[in-house]
Amino acid sequence: MKKVFLLFMMLSVAILHSCKDDVIMVKNGELVQLNHGDTHQIDAESVSMIRYESSDEYHAQVTQYGLVQANYVGTANILLNNDIEEKIVRVEVKAASNLYEEPDIAFGDTKESVINKLGMPSEDNDNTFLYHDYSSTVSHLMILFEDDRVLSYAVMFDHSYASELTTFIGERYRSLGIIDKYFCYINSLRLADATMMVGLGTYSYNQEVYDVAVYMSGEEVGKLE
């Protein structure tokens, strides 16, 4: 009986020691930088099975085998767990295009709030603000109001930027396809979760035709469901 007890104790110590040593080894880095559409295989080892989970699947998804799919610009943490230890691989989805800085405008902002952020508009007509030469690439920024609050806004470009504009939007937002002659995108993997829609199309102003990215609120997205 004494020998059985001693053997049991030795096995218990061995098991506990084994559990303590069951660490997760990430061999190819805990910070990964990818572009939209890229993949990355996490090379990790552990005595026990490793489970993988993404903190934000909009930016990066991961399979049960640790294959990461880079979705849209932003960051996500891939959590590795073997019930003994947790490790995090941080995934940064980098932009291939930085055509412009998206305006710091929130739907529902008042006219006063917009002026505080952007200054006085070049034109102010019938619930519309227009800012000329908004940046080195943006020809005009148009903001539409309803009841003196931001309803939507459009960034206007010379047609020479058309291809890069498509790249810029496509690596930040999920495509929905063509709706009312606009190429439409949302800021979520699921339509029901989207809070904003971006439409790419053309707009005529002062006898000039511009390529535009029109930002619309979640209320407009809800009408698609």
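Along every chain, residues carry numbers that run from 1 in the direction the sequence is written. Reporting in this predicted model follows two pLDDT cut-offs: at least 70 for local features of residues, and 80 or more for side-chain atom pairs to be given and counted; totals over whole chains, interfaces and linings ignore these cut-offs and use all residues. Values reported for side chains reflect all heavy atoms of the structure, with hydrogen atoms and water molecules removed beforehand.

Remarks on the overall build of the protein chain
(1) Moving on: The helix and strand labels rest on DSSP assignments: H or I over at least four residues marks a helix, E over at least two residues marks a strand, and numbering proceeds from the N terminus. In terms of helices and strands, the protein chain carries four helices and 17 strands.
(2) Moving on: For the protein chain, the proportion of its 225 residues judged to be buried stands at 39%.
(3) Moving on: All accessible-area figures derive from a Shrake-Rupley calculation using a 1.4 Å probe, and residue coverage is judged against the displayed protein chains alone. Per element, the accessible surface of the protein chain, about 13200 Å² overall, is 51% carbon and sulfur. Between buried and exposed lies partly exposed: a residue is buried under 20% and exposed over 50% of the maximum accessible area for its type, with that area taken using a 1.4 Å probe on protein chains only.

Regarding the sheet that holds strand β15 (residues 182-186)
Through backbone hydrogen bonds, the strands of a sheet pair up, either in parallel or in antiparallel fashion.
(1) Moving on: On the basis of which strands lie adjacent, the open sheet formed by eight strands has the order β10-β11-β12-β13-β17-β16-β15-β14 and antiparallel pairing. Only two strands of the sheet have a single neighbouring strand rather than two, namely β10 (123-125) and β14 (174-179). Shown here is a sheet whose adjacent strand axes are inclined to one another by a mean of 25 degrees, direction ignored.
(2) Moving on: Here, any two strands with at least 2 DSSP bridges between them count as paired. With five bridges connecting them, strand β11 (residues 128-132) and strand β12 (residues 138-146) associate as antiparallel partners. From the neighbouring strand, Phe-129 faces β12, where its bridge partner is Ile-143.
(3) Moving on: We call two residues in contact when some of their heavy atoms are within 4.5 Å. Between the N-to-C directions of two axes lies an angle of 0 to 180 degrees, each axis being a line fitted to C-alpha atoms and, for a helix, fitted only over the stretch in contact. Set on the sheet, helix α2 (residues 111-118) makes contact with β10, β11, β12 and β13 (149-157); between it and β11 the angle comes to about 10 degrees.
(4) Moving on: Taken strand by strand, helix α3 (residues 162-170) contacts β13, β15, β16 (196-205) and β17 (208-217), and its axis lies near 10 degrees from that of β17.

Observations concerning the nonpolar core
(1) Moving on: By nonpolar core we mean a set of buried residues, namely Ala, Val, Leu, Ile, Met, Phe, Trp, Tyr and Cys, connected to one another through side-chain atoms within 4.5 Å. Counting residues in hydrophobic clusters, the biggest one holds 26 residues, and the most contacted among them are Tyr-100, Ile-143, Leu-165, Ile-169, Tyr-173, Ala-213 and Tyr-215.
(2) Moving on: Breaking this core down by element, the ones donating at least two residues are β11, β12, β13, α3, β16 and β17.
(3) Moving on: Aside from chain neighbours lying at most four places away, what touches Tyr-215 is Tyr-100, Glu-102, Phe-107, Ser-152, Tyr-153, Val-155, Ile-169, Tyr-173, Met-196, Met-197 and Val-198.
(4) Moving on: Counting residues in each nonpolar core, the second largest holds 18 residues, with Val-32, Val-68, Ala-70 and Ile-78 among its members.

Some details on the sheet that holds strand β5 (residues 51-54)
(1) Moving on: Reading across the sheet, the four strands line up as β2-β9-β8-β5 and stay open at both edges, with mixed pairing between neighbours. Each having just a single partner strand, β2 (31-35) and β5 make up the two edges of the open sheet. On average, each strand axis in the sheet is inclined to that of its neighbour by 25 degrees, with strand direction left out of account.

Details of unusual backbone geometry
(1) Moving on: In this structure, Asp-148 takes a positive phi of about 65 degrees despite not being glycine.
(2) Moving on: Position of Asp-148 among the secondary structure elements: in the loop between β12 and β13.
(3) Moving on: According to the relative accessible area criterion, Asp-148 is partly exposed, its value standing at 41%.
(4) Moving on: Its identity is not glycine, yet Asp-180 carries a phi of approximately 50 degrees, on the positive side.
(5) Moving on: Mapping Asp-180 onto the fold places it in the loop between β14 and β15.

Structural notes on the environment of Leu-79
(1) Moving on: Locating Leu-79 in the fold gives a position in strand β8 (residues 74-81).
(2) Moving on: The spatial distance from the C-alpha of Leu-79 to the C-alpha of Ser-55 is 7.4 Å, given a sequence separation of 24 residues.
(3) Moving on: Ignoring anything within four residues of it in the chain, the contact list for Leu-79 reads Arg-51, Tyr-52, Glu-53, Glu-86, Lys-87 and Ile-88.

Describing the confidence of the model for the protein chain
(1) Moving on: Chain-level statistics for the protein chain give a pLDDT mean of 90 and a share of 88% at 70 or above.
(2) Moving on: For every residue, the predictor states its confidence as a pLDDT score lying anywhere from 0 to 100. Every residue in residues 4-17 is under pLDDT 50, and counting partners more than four places away or in other chains gives zero contacts.

Some details on α2
(1) Moving on: For α2, every residue scored as buried is listed here: Lys-111, Ser-113 and Val-114. Buried residues of α2 fall within an arc of 160 degrees about the axis and therefore sit on the same side. In α2, the exposed positions that point more than 90 degrees away from the buried face belong to Glu-112 and Asn-116.
(2) Moving on: Here the buried face of α2 lies against β10, β11, β12 and β13. Here the arc refers to the set of directions running from the helix axis out to each C-beta atom.

Details of the packing of aromatic side chains
(1) Moving on: Stacked, edge-to-face and tilted labels apply to pairs of Phe, Tyr and Trp rings (six-membered ring for Trp) whose centres lie within 6.5 Å, assigned for plane angles under 30 degrees, over 60, and everything in between, in that order. For the coordinates displayed, the defined rule picks out eight aromatic pairs.
(2) Moving on: Seen from their ring centres, Tyr-153 and Tyr-215 are 4.8 Å apart, and the 10 degrees between their planes marks the pair as stacked. Taken together, the residues span a long stretch of sequence, with Tyr-153 in strand β13 and Tyr-215 in strand β17 at a distance of 62 residues.
(3) Moving on: Classification of Tyr-153 as buried rests on a relative accessible area of 4%.
(4) Moving on: Seen in terms of ring centroids, Phe-157 and Tyr-161 are 6.3 Å apart; in terms of plane orientation they differ by 65 degrees. Their pairing is edge-to-face.
(5) Moving on: Judged by relative accessible area, Phe-157 falls into the buried class, the value being 0%.
(6) Moving on: A connected cluster of aromatic rings, assembled from ring pairs, spans Tyr-100, Phe-157, Tyr-161 and Phe-168.
(7) Moving on: Throughout this description, the term charge over a ring refers to an Arg CZ or Lys NZ atom that lies within 6 Å of the ring centre and within 35 degrees of the ring normal. Taking the ring centre of Phe-145 as reference, the NZ or CZ of Lys-111 above it sits at 5.5 Å.
(8) Moving on: Taking the ring centre of Phe-168 as reference, the NZ or CZ of Arg-172 above it sits at 3.7 Å.

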